[in-house]
Amino acid sequence: MTELNFADAGRLPLEGDNVAIATRRLEAGTKIEISQGEGAFELSHTVMEGHRFAVVPIASGSELLSWELPFGVSLRDIEPGEYVCNLGMLEALRGRSIDFELPEAANFQDRIVPYELPEKELEQREQVPLVETPRTFCGFDRGARGAGTRNFIVVLGTNSRTAAFARLLVERFDGVDRSDGFDGVVAVAHTEGGGPQEPNNKELLLRTLAAFAVHPNVGALLAVDYGYEPVSNRHLLDYLRQHRYAIGMVPHRFLTIRTAFQEALADGEQTIRAWIDGEVGSAERSEIPASKLKLALQCGGSDAFSGISGNPLAAWSARELIRNGGAANLAETDELIGAEPYVLKWVRDRETANKFLHMVERFKERAAWHGASAEGNPSGGNKYRGLYNIVLKSIGAAMKRHPDVRLDHCIDYSEPMREPGYYFMDSPGNDLESIAGQVASGSNVIYFVTGNGSITNFPFVPTVKIVTTSSRFELLGKDMDVNAGAYQDGADIDELGGELFEHTLRVASGERSLGERAGHSQVSIWRDWPQQSAAELQVLIDADAPSCEPLPVRRAEAPSVEVTALKRGNGQTTDRIGLVVPTSLCSGQIARMAVERLQQRYRDGASSISRFATLVHTEGCGVGGKGNEEIYARTLTGYATHPLVDLVMMLEHGCEKTHNDYMRSHMQMVGVDVERFGYASVQMDGGIVNVLDKIDAWFAQKTAALEPAQEQGSGAGVLRLGLLTAGPLSSVTAGVFAKLTRWVISAGGTIVIPNDAGLGSDTTFASGLDLETPLPTTLAHGQPYAEPGLYVMDALRGHWTETVTGLGATGVEILIAGVAEHPVVGHPFLPMLQVTDATELARRFEGDFDLVVGRDSAQKLLELIVQVASRRYRPCMSERGNTDFQITRGLLGVSL
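Cut-offs used in this document
Residues numbered from 1 in each chain as written. Predicted model: local features only at pLDDT ≥ 70, side-chain atom pairs only at ≥ 80, totals over all residues. Heavy atoms only, no water. Helix = DSSP H or I, 4+ residues; strand = E, 2+ residues; numbered from the N terminus. Expected span 1.5 Å × (residues − 1). Buried < 20%, exposed > 50% of the residue type's maximum accessible area, 1.4 Å probe, protein only. Contact = heavy atoms within 4.5 Å. Pairing = 2+ DSSP bridges. Core = buried A, V, L, I, M, F, W, Y, C linked by side-chain atoms within 4.5 Å. Lys, Arg positive; Asp, Glu negative; His and termini not counted. Salt bridge = Lys/Arg side-chain N within 4 Å of Asp/Glu carboxyl O. Polar contact = N/O pair within 3.5 Å; in protein donor to acceptor, adjacent residues only side chain to side chain. Axes fitted to C-alpha atoms, helices over the stretch in contact; angles between N-to-C directions.

Q: Help me out: how do you make sense of helix α17 (residues 588-601) in this one?
A: Because each turn of an α-helix spans 3.6 residues, side chains separated by three or four positions in sequence point in the same direction. Taking 1.5 Å as the rise per residue, α17 with 14 residues should run 20 Å; its terminal C-alpha atoms sit 20 Å apart, in good agreement. Considered for burial, the residues of α17 that qualify are Gly588, Gln589, Ile590, Ala591, Ala594, Val595 and Leu598. Of the surrounding elements, those touching the buried residues of α17 are β26 (577-582), β27 (611-614), β29 (645-652) and α20 (688-705).

Set out below in structure tokens:
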């Protein structure tokens, strides 16, 4: 039997706690000595690192305490040494690959008592006193805009339709020289404002974009749109002027794309090069008071030690910044539920306290509109690492407020921090969405505290990543800036805090954080929430599932065509792709880096795989709502089993809801052979460099074993097409698409269309097929079809990129878009032909359309599709790289 002193086995956050946190894995039967002469107990089960065990008897119905705050109520008497577990934690662990026996049943249940502000007068406390000699850093004096810690040129895709354009334009500056005074060119590409109608989050979105535009880290701004969108450059410029943002102090240009894609890129490039050669590129740093620093306090991939080491260390440095006259910003509203007594222990006044509580209740209400609970925030990764419920997570998250610091201000998402002090900003627990709001509020340095080892970075604000344990720091040392685990190992918190503050001043003065050196970043703004009340919730929940049956179509003999297809098993396909599937937003950029390496390795065609692709998105964590995870898992499964895909690597971050084990379990449930996939983990495999090497090695092994592709002739029956429209649909395009559909279906092929305002409700299209409008929906969003025929997929929100993403998951291999407004963004690996019957539009965007159609163009379009299917023609916008990918949240998904 193993015997340990308590100090070598567990940690009590405060002396009054009745459960301890295991500081390492403890095997069942381990004997733990409490202290000399005070007795011992044995562990009932193996307890994972970060999980909890009882240290004193806990009677049935009694509260379980951490930080001397209740996080649950016992379901029965609990003896010292028992593994403390609730149902949510047990379910999370049973979905993982573990090598020990879990308790059969939970021994406590969650209980959250709504906090009520005491009626008595709040105890007043002044903010921490200022230091006598404030510190300084070397930054950029932006006058009324504040002080910059970086000097970036930002290319802003004003809405989701120009996200790909922003990224492609920035790629032209990959080799640009950096200097002490110029940090480079970055893209801010996001998912919002490009849907078919005005979004519910329009005010929030414009406030965030306006704040990005004038952020002190922005040396110059190029904002890009097409001019047709619900949130456009015109809306943004009007908002900037009406709310008196200092846009006149920023070198800027609002570019509306009215020419061919390549011409617009060249135009934007010329503007940026002029800025680099001029005032932006020649900027110099100067000495600036530390009072100009504004610190975002954020945590993600949290574990049981986030509240023990990482968050208290960040809080210590935040207190030091406030003592120097600066500001700090605490966020993530739903991740403070249950910690209200601590957050409001020291608060400026009752009005501020009431505002905080109002924001919490408002967040709960918004989540309820979508059939979700804000209390359901903790991810599978959180539970795996010891945060069993929202109260435990919240108590730990609240430790980002130092006990000496009072809460001064409560602000809305992206509302500016105008005074020094300690702020709370309303935001979801979704890390990227919350960080975007903090940056918009003025934060020019970010602390990101992580237990699992999250690798999040923002494009134009440096992120200092603080990891909670020494073991994780050793595993991920190339990606983590600060080891807060040293505090648990015995280091002095004051010494560590002082080192962190000094490190922060160096980063603010231009020293690059490890995240900046890694060269990846992500942006996600608080996403639109469709529901505005609970009234329609049950109707949406009770809606009938689609039939999954193809629609009957009037047959018509197709013209004779020959597709040069590829043999695959007993069937045929039109290409062979190697796919890296990020299981969440946080592994997306690493997946992109992996694919770029693979493309370089096999650029000479030394593989039976024709190309490699990935699916970078913003989902997989920090979101809830009825049916949301089902849509997500179904969509990614559709891509992992897509006919074009030969090899698949599933890449998890490691702490998300939809980790590799989650996806594996879902795919097994629907009958997928999961053993043919590769699996990699950014966190578990040791960080970015290690996981990229692992992906390289797996694809090298698998491609070497692949049989060479065998070409086979086939007719139109091999075609699997997705048809959709952008902008008003004319009878000309509708008629051409109807004839094409009859030919392909009659030949034994498949066509899927969305049930949006385009083809699904068009009488010309329907009558050409002998069907009535509206066409019935026969597939759920992203649901693979089972047999050839015509299907109508539920588009859910009608957002272009989300619809394209859903169509791809059904199994179609080529997309054809009928366009009436401007060329549209394509798909990462499905070729998309863009056609129009508007000759003036085709002339204006010359070179961006693949075909100008007339009433008799159906055969010409079919022949062009055959060229694509035979790999002899690559669509124009696919060739230019104008592609994007975004998984829908449906009508009930909401940020948590």
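Q: Any chance you could explain helix α4 (residues 233-242) here in plain terms?
A: Within the span of α4, buried status applies to Asn233, His235, Leu236, Leu237, Tyr239 and Leu240. The elements touched by buried residues of α4 are β12 (152-157), α3 (202-214), β14 (218-225) and β15 (252-256). Of the residues trailing α4, Arg244 is marked for its positive phi of about 60°.

Q: Could you clarify how one ought to interpret the sheet that holds strand β3 (residues 19-22) in this entry?
A: The pairing of strands in a sheet happens through backbone hydrogen bonds and is either parallel or antiparallel. With antiparallel pairing, the three strands of this open sheet are ordered in space as β2-β3-β6. With one partner strand each, in any of the chains shown, β2 (10-11) and β6 (52-54) form the two edges of the open sheet. Note that β2 and β3 share two bridges and pair antiparallel. Across the sheet, Arg11 pairs through a bridge with Ile21, a residue of β3.

Q: Would you explain the nonpolar core in this entry?
A: In summary, soluble globular proteins display a tendency toward joint burial of nonpolar side chains. Counting 144 residues, the largest nonpolar core has Phe53, Phe212, Phe458, Phe460 and Ile466 as its most contacted members. Examining the composition of this core, we find that nine residues originate from one element, α3, more than from any other. Beyond its immediate stretch of four places on either side in the chain, Ile466 contacts Gly310, Leu313, Ala314, Tyr447, Phe448, Val449, Thr450, Val482, Ala484 and Leu500. Listed in part, the 71 residues of the second largest apolar core include Ala166, Val280, Ile577 and Phe677.

Q: When you look at the side chain of Arg96 in this model, what are you seeing that I'm missing?
A: Structurally, Arg96 can be placed in the loop between α1 (87-94) and β9 (108-109). No salt bridge is formed by the buried Arg96; its nearest oppositely charged neighbour, Asp661, is found at 4.5 Å. Within the structure, Arg96 has its side chain in polar contact with the side chain of His659 (distance 3.4 Å). Filtering out sequence-adjacent residues up to four positions away, Arg96 remains in contact with Gly380, Gly381, Tyr384, Gly654, His659 and Asp661.

Q: Could you clarify how one ought to interpret the sheet that holds strand β30 (residues 678-681) in this entry?
A: Judged by pairing direction, the sheet is parallel, and its four strands sit side by side in the order β27-β26-β29-β30 without closing on themselves. In this open sheet, the two strands that pair with only one neighbour each are β27 and β30. Strand-to-strand twist in this sheet, taken as the mean axis angle between neighbours without regard to direction, amounts to 20°. Two strands pair when backbone bridges link them, and β29 and β30 are joined in this way by four bridges, in the parallel orientation. Paired with Met650 across the bridge in β30 is Tyr679. Sheet contacts for α17: β26, β27 and β29; angle to β27, the most-contacted strand, approximately 175°.

Q: How should I be thinking about the side chain of Glu656 in this particular structure?
A: Along the chain, Glu656 turns up in the loop between β29 and α19 (660-669). Among buried Asp, Glu, Lys and Arg side chains, Glu656 stands out as unpaired, with Arg96 the closest opposite charge at 6.1 Å. Only 2.7 Å separates the side chain of Glu656 from the backbone nitrogen of His653, close enough to count as a polar contact. Polar side-chain contacts of Glu656 include one of 2.5 Å to the backbone nitrogen of Gly654. Look past the residues within four positions of Glu656 in its chain and what remains in contact with it is Ser379, Gly380, Gly381, Thr583, Ser584, Ser587, Gly620 and Cys621.

Q: Even after reading the chapter, I still don't get the environment of Thr456, so can you show me in this structure?
A: Among the secondary structure elements, Thr456 is positioned in the loop between β21 (445-450) and β22 (463-467). Overall, Thr456 belongs to the buried group, its relative accessible area being 1%. Each C-alpha atom of the pair Thr456 and Gly515 lies 7.6 Å from the other, and the pair is 59 residues apart in sequence.

Q: It is not clear to me how the pairing of strand β7 (residues 63-66) should be interpreted in this structure. Could you clarify?
A: On a regular strand, each side chain points to the face opposite its neighbour's, so the side chains alternate between the two faces of the sheet. As defined by bridge partners, β7 adjoins strand β8 (residues 69-74) across four bridges and the pair is classed as antiparallel. Bridge pairing in β8 links Leu65 to Pro70.

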